[in-house]
Amino acid sequence: MAKYDISKLHPVFVRQMDALAALDIEAVMKNYTDDAVLLRFEGASVGIEAVRETFTGYLTVKPTLVELQEYIETDDTIFYRAIMNLNGEPEHAFGTLVVRDGRIWRQTAGFGG
């Protein structure tokens, strides 16, 4: 399994991981465009206020990156699989970030094996 130096990955991904680790909703939101869309199996969060509402709830489970298992990027797309702790319990996570103008424009996110 590959080991990744997070600090050397796409700067948007690095900022997002740092903001989540700090449980800082304002820092998280600075990573998103005003017309961002977050797509999850639970539903779509369309627009910055809906994304804020989703992440406000997500931060209550204190997400912590345990291990970045797989990662690939291009100039504008990031695809990852990781193990996150949510409320102290390990959970498999995966997702895609599509970047526009240095911020997240589209995101997919899911949990499960």
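Details of the structure are given in the entry above.
Computed from a predicted structure; not experimentally measured.

Conventions adopted
- Residues numbered from 1 in each chain as written.
- Predicted model: local features only at pLDDT ≥ 70, side-chain atom pairs only at ≥ 80, totals over all residues.
- Heavy atoms only, no water.
- Helix = DSSP H or I, 4+ residues; strand = E, 2+ residues; numbered from the N terminus.
- Rg over C-alpha atoms; globule rule 2.2 N^0.38 Å.
- Buried < 20%, exposed > 50% of the residue type's maximum accessible area, 1.4 Å probe, protein only.
- Contact = heavy atoms within 4.5 Å.
- Areas by Shrake-Rupley, 256 points an atom, 1.4 Å probe, with all protein chains shown as cover.
- Lys, Arg positive; Asp, Glu negative; His and termini not counted.
- Charge placed at Lys NZ, Arg CZ, Asp CG, Glu CD.
- Salt bridge = Lys/Arg side-chain N within 4 Å of Asp/Glu carboxyl O.

To continue, consider the overall build of the protein chain. Counting secondary structure elements, the protein chain contains three helices and six strands. Taken over the C-alpha trace, the protein chain has a radius of gyration of 13 Å; the compact-globule value for 113 residues is 13 Å, and the two agree within 12%. Dimensions of the protein chain, computed from C-alpha atoms along their principal axes, come out at roughly 35 × 30 × 25 Å. Out of the 113 residues belonging to the protein chain, those deemed buried represent 39%. A fraction of 43% describes how many contacts in the protein chain between residues 6 or more apart in sequence connect residues 24 or more apart. Accessible area for the protein chain stands at about 6500 Å²; split by element, carbon and sulfur atoms hold 56% of it. Charged side chains in the protein chain number 11 positive and 17 negative. The centres of these two groups are separated by 2 Å.

The next point concerns the pattern of salt bridges. Summed over all chains, the structure comprises six salt bridges. With its nearest N and O atoms 3.9 Å apart, the salt bridge here joins E49 to R52. Taken together, the positions of E49 and R52, both in helix α3 (residues 48-59) and three residues apart, correspond to about one turn of that helix. Classification of E49 as exposed rests on a relative accessible area of 54%.

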